[in-house]
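Architecture and fold: a report
What follows is each chain in one-letter form.
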Amino acid sequence: MHQMTLAEIARGLADKKFSSEELTKTLLARIAQLDPQLNSFITLTEDLALEQAKAADARRANGETGALLGAPIGHKDLFCTLGVRTSCGSKMLDNFKAPYDATVVSKLAAAGAVSLGKTNMDEFAMGSANESSYYGAVKNPWNLEHVPGGSSGGSAAAVAARLLPAATGTDTGGSIRQPAALTNLTGLKPTYGRVSRWGMIAYASSLDQGGPLARTAEDCAILLQGMAGFDPLDSTSIDEPVPDFSANLNTSLQGLRIGVPKEFFSEGLDPRIAELVHTSIKELEKLGAVIKPISLPNMQHAIPAYYVIAPAEASSNLSRFDGVRFGHRCEDPKDLTDLYKRSRAEGFGPEVQRRILVGAYALSAGYYDAYYLQAQKIRRLIKNDFMAAFNEVDIILGPTTPNPAWKIGAKNSDPVSAYLEDVYTITANLAGLPGLSMPAGFVDGLPVGVQLLAPYFQEGRLLNVAHQYQLNTDWHTRSPAGF
Ligand code: GLN
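Rules of the game
Residues numbered from 1 in each chain as written. Predicted model: local features only at pLDDT ≥ 70, side-chain atom pairs only at ≥ 80, totals over all residues. Heavy atoms only, no water. Helix = DSSP H or I, 4+ residues; strand = E, 2+ residues; numbered from the N terminus. Polar contact = N/O pair within 3.5 Å; in protein donor to acceptor, adjacent residues only side chain to side chain. Contact = heavy atoms within 4.5 Å. Axes fitted to C-alpha atoms, helices over the stretch in contact; angles between N-to-C directions. Parallel < 35°, antiparallel > 145°, perpendicular 65-115°, else oblique. Disulfide = S-S within 2.5 Å. Buried < 20%, exposed > 50% of the residue type's maximum accessible area, 1.4 Å probe, protein only. Salt bridge = Lys/Arg side-chain N within 4 Å of Asp/Glu carboxyl O. Pairing = 2+ DSSP bridges. Patch = residues over 30% accessible without salt bridge, like charges linked within 9 Å, V, L, I, M, F, W, Y side chains within 5 Å. Areas by Shrake-Rupley, 256 points an atom, 1.4 Å probe, with all protein chains shown as cover. Near = heavy atom within 4 Å. Phe/Tyr/Trp six-rings, centres within 6.5 Å; stacked < 30°, edge-to-face > 60°.

1. Things to note about the side chain of asparagine 140
Among the secondary structure elements, asparagine 140 is positioned in the loop between β3 (114-119) and α5 (153-160). There is a polar contact of 2.9 Å between the side chain of asparagine 140 and the backbone oxygen of leucine 182. The residues contacting asparagine 140, other than those within four sequence positions of it, are Leu38, His146, Val147, Pro148, Leu182, Thr183 and Ala405.

2. Some details on the packing of helix α7 (residues 217-227) against helix α15 (residues 459-472)
At a closest axis distance of 8 Å, the pairing of α7 and α15 adopts a crossing angle of 150°. By the angle between their axes, α7 is roughly antiparallel relative to α15. Here Ala217, Glu218, Cys220, Ala221 and Leu224 of α7 come into contact with α15, specifically with Glu459, Leu463, Ala466, His467 and Gln470.

3. Some details on the state of the cysteines
Structurally, a disulfide amounts to a covalent bond that connects the sulfur atoms of two cysteines. Evaluated as defined, the whole model comprises 0 disulfides. Left unpaired, cysteine 88 is separated from the closest cysteine sulfur, that of cysteine 80, by 8.5 Å. The buried category is assigned to cysteine 88, whose relative accessible area is 0%.

4. Thoughts on unusual backbone geometry
Cis geometry is adopted by the peptide bond preceding serine 151, which originates at glycine 150 and carries an omega value of 5°. In this fold, serine 151 is placed in the loop between β3 and α5. Positive phi is not limited to glycine here, since cysteine 88 has a value of about 55°. Position of cysteine 88 among the secondary structure elements: in the loop between β2 (72-76) and α4 (103-110). Although it is not a glycine, phenylalanine 457 sits at a positive phi angle of roughly 65°. Considering the arrangement of structural elements, one finds phenylalanine 457 in the loop between β11 (446-453) and α15.

5. Focus on the pattern of salt bridges
In the structure shown here, the tally under the stated rule is 22 salt bridges. When the shortest N-O distance is used, the salt bridge between glutamate 64 and arginine 59 registers 2.9 Å. Across the salt bridge formed by glutamate 346 and arginine 342, the nearest N and O atoms sit 3.8 Å from each other. Taken as a pair, glutamate 346 and arginine 342 lie in helix α10 (residues 336-347) at a separation of 4 residues, close to a single helical turn. Owing to a relative accessible area of 28%, arginine 342 belongs among the partly exposed residues under this scheme.

6. Structural notes on the pairing of strand β6 (residues 210-214)
Along β6, 5 of the 5 residues are buried, which leaves the element largely enclosed by surrounding structure. The pairing of strand β4 (residues 166-170) with β6 spans 5 bridges and is antiparallel. Its bridge partner being in β6, threonine 170 is matched across the sheet by glycine 210. Two elements, strand β5 (residues 186-189) and β6, share 2 bridges in a ladder whose sense is antiparallel. Residue pairing for β6: glycine 187 is matched across the bridge by leucine 213.

7. Some words on a nonpolar patch on the surface
There is a patch of nonpolar side chains on the surface, built from Tyr100, Trp198 and Leu233 and spanning about 280 Å² of accessible area. Examined against the element boundaries, leucine 233 turns out to sit in the loop between α7 and β7 (257-261).

8. Thoughts on the site of the ligand
In the vicinity of the ligand there are 15 residues, among which Thr172, Gly173, Ser175, Tyr203 and Tyr306 approach most closely. Within the backbone of threonine 172, one N or O atom sits 2.7 Å away from an oxygen atom of the ligand. At 2.8 Å, a side-chain N or O of arginine 355 approaches an oxygen atom of the ligand. Taken by itself the ligand offers 300 Å² of open surface, and the protein chains cover 100% of this.

9. With respect to the environment of threonine 400
Residue placement: threonine 400 occurs in the loop between β9 (395-399) and α13 (415-419). Distance from threonine 400 to valine 450, taken between C-alpha atoms, is 5.2 Å for residues 50 residues apart in sequence. Not counting residues up to four positions away in its chain, the partners in contact with threonine 400 are Arg177, Gln178, Ala181, Tyr424, Thr425, Ser437, Gly449, Val450 and Gln451. Within the structure, the side chain of threonine 400 is placed 2.8 Å from the side chain of serine 437, a separation counted as a polar contact.

10. Overview of the packing of aromatic side chains
Inspection of every chain in the model, using the stated rule, returns 17 aromatic pairs. Between tyrosine 307 and tyrosine 419, the aromatic rings sit 4.0 Å apart at their centres with planes inclined by 10°, giving stacked as the arrangement. With tyrosine 307 in helix α9 (residues 302-317) and tyrosine 419 in helix α13, this residue pair connects regions lying 112 residues apart in the sequence. Each member of the pair, tyrosine 307 as well as tyrosine 419, carries the same accessibility label: buried. Every member of this aromatic cluster is reached through a ring pair, and the members are Phe96, Phe124, Phe321, Phe326 and Phe348.

Printed below as a string of structure tokens:
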């Protein structure tokens, strides 16, 4: 049962082959048995899940239908869930029970999805390895000594290990696509503004975007359908009609123009990954796509610009955690300053503190023009590069990550080496574009992803290309031994 995709689950539930309650119980038992190896969940909500599953079964018995009605999922632990701990992977919020549901959570619940729990993540979504969580590192089910990627590493590990068919994630600089690549999943970061950020704890507000992690493009279409849409509660939500993401999965790729940026094959890319990317290009050519070499000339500035903008926004967003209103409060403060200082020093881990310091510095008077303003200018140049490229091509393709999953701890002493892993993913966030990662092979037994980028609001095109690729390849069907 645990091998089924969301699409198969929907068919099975519709055909009354099993109930949502049975499926939910099966997966909860599987989580209890296997998750101790992975640490992919922070909080399990068994009672809530069974309640939701029974309610979904009752709705189906009353004739209701829907691809998510009764489908088990998990939520990255930065989506607020009413009455349930929402920790953001931080000691700061270890005691925080959200007083309301994030829009993503309430929309998926209304569609009948059954939430089994909250998945582990890098603290405040800062990281690429899921090692900065207060609740401990998450293990990659493909090799337990390796990281699953981050920051949505818990969602990725749980789905890859077949503990869940799909889960939510968020992507500020790659945190859906990168863990998807490192665990053999399909993950989609939607256009900025497509999915509501209401109730999604902020890291860098101008970059953050929620999206689905699943095994197939078909399943990403189903989960995204439940998440997307205008939300008056989020001032950056865009009032754009949401298409039926599943409707165009079978469109032919004949004549599709795929741009391959030369900068995506720069120094630092594992040559074995480059080879797998070229193999995937050949596969898409066989399906009728036309390949065009292109250039994104400002890409080399993306990492420095991102690592100014994201920490700057984080330092501002995280100022709300002051020990007064919610979250961790130190014992016996001497005075207000002592309360602020010790609550924050105790509540935030080292990576979060590093980013707050970098961000506050970049925003300080005297340095603002030199760092933040420059970074914003680079951001515009990167967006312009994409706009020019999309005049020539329909989709852009390259590797998702320069390397496969690294060993837990391998990059701990050098944070910049981890930042460099984001080189191919962060440009889409800086420009606000949608991007998808799909399984494309293995290196040393570890999964490799290929990334597709599309113009604004063309998530459907990404899903279409990935689905056609998946109809003709079987990488996405492979599951890790032992799970
Ligand atoms: N690795 C990037 C960072 O640490 C991206 C994280 C994310 O997308 N949330 O900022």
